[in-house]
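Architecture at a glance
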Amino acid sequence: MNLNEFVEDGKRYIKEIKWCICNEKFENFYEVKCKIIQRGVHDYTYATGSDFLQRCGSKKGFFLTKEAKTTVAEAIAGMEEKIAEMKKESKDQKENDTFFVIYRYTSTEHCDYLLRRKGDVMRRYYRFHQTLEEMERELKYIRYLNGMPEKENDVGLESLEDDPIYRAAKRYGDEKMILALKIYHHVATAKECTAYSGLIGCTVLPSLPETFDKVFTVDASTIDCSVLYRSGYSVLHRPAFAMKGSTHSKWQLNPHTKHAVDAARTNDPAISFADYLAVFGDCATKENRDSSDSVNRTETSDG
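Rules used in this analysis
Residues numbered from 1 in each chain as written. Predicted model: local features only at pLDDT ≥ 70, side-chain atom pairs only at ≥ 80, totals over all residues. Heavy atoms only, no water. Patch = residues over 30% accessible without salt bridge, like charges linked within 9 Å, V, L, I, M, F, W, Y side chains within 5 Å. Areas by Shrake-Rupley, 256 points an atom, 1.4 Å probe, with all protein chains shown as cover. Salt bridge = Lys/Arg side-chain N within 4 Å of Asp/Glu carboxyl O. Helix = DSSP H or I, 4+ residues; strand = E, 2+ residues; numbered from the N terminus. Buried < 20%, exposed > 50% of the residue type's maximum accessible area, 1.4 Å probe, protein only. Pairing = 2+ DSSP bridges.

It is worth spelling out a nonpolar patch on the surface at this point. Together, Trp19, Ile21 and Val41 line one region of the surface with nonpolar side chains, adding up to about 250 Å² of accessible area. Structurally, tryptophan 19 can be placed in strand S3 (residues 19-26). Its relative accessible area of 33% is what places tryptophan 19 among the partly exposed residues.

Here we come to the pairing of strand S9 (residues 111-117). Along S9, six of the seven residues are buried, which leaves the element largely enclosed by surrounding structure. Pairing between strand S8 (residues 99-105) and S9: seven bridges, direction antiparallel. Within the sheet, the bridge partner assigned to tyrosine 103 lies in S9 and is tyrosine 113. Joining the antiparallel neighbours S8 and S9 is a turn of five residues.

Looking now at the pairing of strand S2 (residues 11-14). A regular strand carries its side chains on alternate faces of the sheet. Looking at chain direction, strand S1 (residues 5-8) and S2 are connected through four bridges and run antiparallel. Bridge pairing links phenylalanine 6 to tyrosine 13 in S2. Here S1 folds back onto S2 in antiparallel fashion, the turn holding two residues, of which aspartate 9 has a positive phi close to 55°. Sheet analysis places S2 next to strand S7 (residues 61-64), joined by two bridges and oriented parallel. Each residue of the ladder has a partner; that of tyrosine 13, found in S7, is phenylalanine 63.

Structural data, given as structure tokens:
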């Protein structure tokens, strides 16, 4: 028996919500993550002025008692404070910017952000505690919802300059985000990857020379996906209908193009992710040795 729920007039009510976090607002709807006794942690949609919490992706949900509704209201109020602060900055939107982005860091790799489309005075899109990859994915989706053509190529300098998050980072003088975006768009140099790694204190892989434009098959159970995503790898998913003779227990990684596939042929031998990372160390050692030999040859010639 669940003592945290009761039915009244055919409606199921929740007495108490253990905790609630508001992650998104679009127009008058909020997306909240709640922990409810015997229901676990799930995402819900809540409409302004309502007393109903609807499970995301479902028509089912619960009605809220005054106490439960207060918990949701407090989470929303906290988010609205952040929104009010960011909205002040949106007044500086440039007319030539199709999208205007404002963001604030919540952790080393997460941001709260506001997105506003030119001409939309009332409609703003807010997301909270998002990684850069999540922010970029949302931008693609919003472009699609607004009937804007999908870009043929998401990488390169042209794509970088057209990125509203990049324009925001330059507006803030945010070197960390600028470097992260250069990595995401595959235009970062090895030195810039090293600089970004130093700023965040985490491993960031550079793009190896063209001689490494080849596929390495890697044991999926050993892969640290956060390293790949942080390093700007584009990971393609191979669906079940295309898996004949293949397995998801191995991935294909290309250290030059930073492209990856989450599957490989079943019979292909695989290396560990540690062995894959060792390739970068070997490449760096070779480049240093070649650079040293070049200096020595120059000195000998001058001598």
